[in-house]
Amino acid sequence: LRTVTGVQTCALPISPPKVDSAIIRMLPLAEPPQLNIRTLEQTVQIAFSQRRKLLRHTLGRWLEEKKFGGEFDVHRRAEEVSVAEYVALVQALAN
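Bear in mind the structure is a predicted one, so any value in this text is a computation, not a measurement.

Chemist: Would you mind showing me how to read the overall build of the protein chain here?
Modeler: A count of helices and strands for the protein chain gives three helices and two strands. In sequence order, the secondary structure elements of the protein chain are arranged as β-β-α-α-α. For the protein chain, buried positions account for 20% of its 95 residues. In the protein chain, the share of contacts with a sequence separation of at least 24, taken over all contacts with a separation of at least 6, comes to 44%. Split by element, the accessible area of the protein chain, about 8400 Å² in all, is 54% carbon and sulfur.

Here it is, written out as structure tokens:
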């Protein structure tokens, strides 16, 4: 190491960070879905409450408590569920 104007430098090459980046464009829907926002917030919060766990451990139990009789695959992780599926689940819970 040597100091150049108060900054330490190193002769070893520094590799670039191992990250991927992307630019996304988000557009609002022309017609937002009709749903209870509080229920959507609660559903998503419960789904993501335990990192890397299957939904049956979190959302599955919550749906049982709500006596949800509809179809929803809880044998996957929260990040594998699309936004449209969460919206459909909240709409089904309202019925």
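Chemist: Help me understand the nonpolar core in this model?
Modeler: One recurring pattern in soluble globular proteins: nonpolar side chains tend to sit buried together. With 13 residues, the main nonpolar core has Ala47, Leu55, Leu59, Leu63, Phe72 and Leu89 as its most contacted residues. Mapped onto this core, the elements with two or more residues apiece are helix H1 (37-47), helix H2 (59-65) and helix H3 (83-94). The residues contacting Leu59, other than those within four sequence positions of it, are Thr43, Ile46, Ala47, Phe72 and Leu89.

Chemist: Sorry if this is basic, but what is going on with the packing of H1 against H3 here?
Modeler: A packed helix pair is summarised by two numbers, namely the angle formed by the two axes and the spacing between the axes. As a packed pair, H1 and H3 sit with axes 10 Å apart at the nearest point and diverge in direction by 120°. It follows that H1 is oblique to H3 by the angle criterion. In this structure, H1 crosses over H3, and the sense of that crossing is right-handed. Every residue of H3 that contacts H1 at Thr39, Leu40, Thr43, Val44 and Ala47 is listed here: Tyr86, Leu89, Val90 and Leu93. Looking at the contact of H1 with H3 residue by residue, the classes come out as seven nonpolar, two polar and no charged.

Chemist: Looking at this structure, I do not really get the packing of aromatic side chains. What am I missing?
Modeler: Given two aromatic rings, one states the distance between the centres and the angle between the planes to describe the pair. Summed over the entire model, instances satisfying the criterion amount to one aromatic pair. Look at Phe48 and Tyr86: their rings are 6.4 Å apart centre to centre, the planes differ by 40°, and that puts the pair in the tilted class. Of the two residues, Phe48 is situated in the loop between H1 and H2 and Tyr86 in helix H3; the sequence distance between them amounts to 38 residues. Of the residues examined, Phe48 reaches a relative accessible area of 45% and is grouped as partly exposed. A cation over a ring is seen here: Arg76 above Phe72, with NZ or CZ 5.3 Å from the ring centre.

Chemist: When you look at the environment of Arg52 in this model, what are you seeing that I'm missing?
Modeler: On the secondary structure map, Arg52 appears in the loop between H1 and H2. The spatial distance from the C-alpha of Arg52 to the C-alpha of Glu79 is 8.7 Å, given a sequence separation of 27 residues. Look past the residues within four positions of Arg52 in its chain and what remains in contact with it is Arg77 and Glu79.

Definitions and cut-offs
Within any chain, residue numbers begin from 1 and follow the written order of that chain's sequence. Reporting in this predicted model follows two pLDDT cut-offs: at least 70 for local features of residues, and 80 or more for side-chain atom pairs to be given and counted; totals over whole chains, interfaces and linings ignore these cut-offs and use all residues. Calculation of side-chain values draws on the structure's entire complement of heavy atoms; hydrogens and water are dropped beforehand. Only DSSP runs of H or I with at least four residues qualify as helices, and only runs of E with at least two residues qualify as strands; both kinds are numbered from the N terminus onward. To sort residues, take the accessible area from a 1.4 Å probe on protein chains only and compare it with the maximum for the residue type: under 20% means buried, over 50% means exposed, and anything in between is partly exposed. In this description, contact between two residues means that some pair of their heavy atoms is separated by no more than 4.5 Å. Surface accessibility follows the Shrake-Rupley procedure with a 1.4 Å probe radius. Residue values consider only the protein chains on display as shielding. The set of buried Ala, Val, Leu, Ile, Met, Phe, Trp, Tyr and Cys residues whose side-chain atoms join them within 4.5 Å is what this entry labels a nonpolar core. Lines fitted to the C-alpha atoms define the axes, with helices restricted to the stretch that makes contact. Angles between their N-to-C directions range from 0 to 180 degrees. The scheme is simple: roughly parallel for angles under 35 degrees, roughly antiparallel for over 145, roughly perpendicular for 65 to 115, oblique for anything else. What makes a crossing left-handed is the near helix being turned counterclockwise from the far one by less than a right angle; a clockwise turn instead makes it right-handed. As a working rule, the residues Ala, Val, Leu, Ile, Met, Phe, Trp, Tyr, Cys and Pro are called nonpolar, Asp, Glu, Lys and Arg charged, and the rest polar, with Gly in that last group. Classification of ring pairs uses Phe, Tyr and Trp, with its six-membered ring standing for Trp, and accepts pairs whose centres are within 6.5 Å; under 30 degrees between planes counts as stacked, over 60 as edge-to-face, and the remaining range as tilted. Either the NZ atom of lysine or the CZ atom of arginine qualifies as a charge over a ring when it sits within 6 Å of the ring centre and within 35 degrees of the ring normal.

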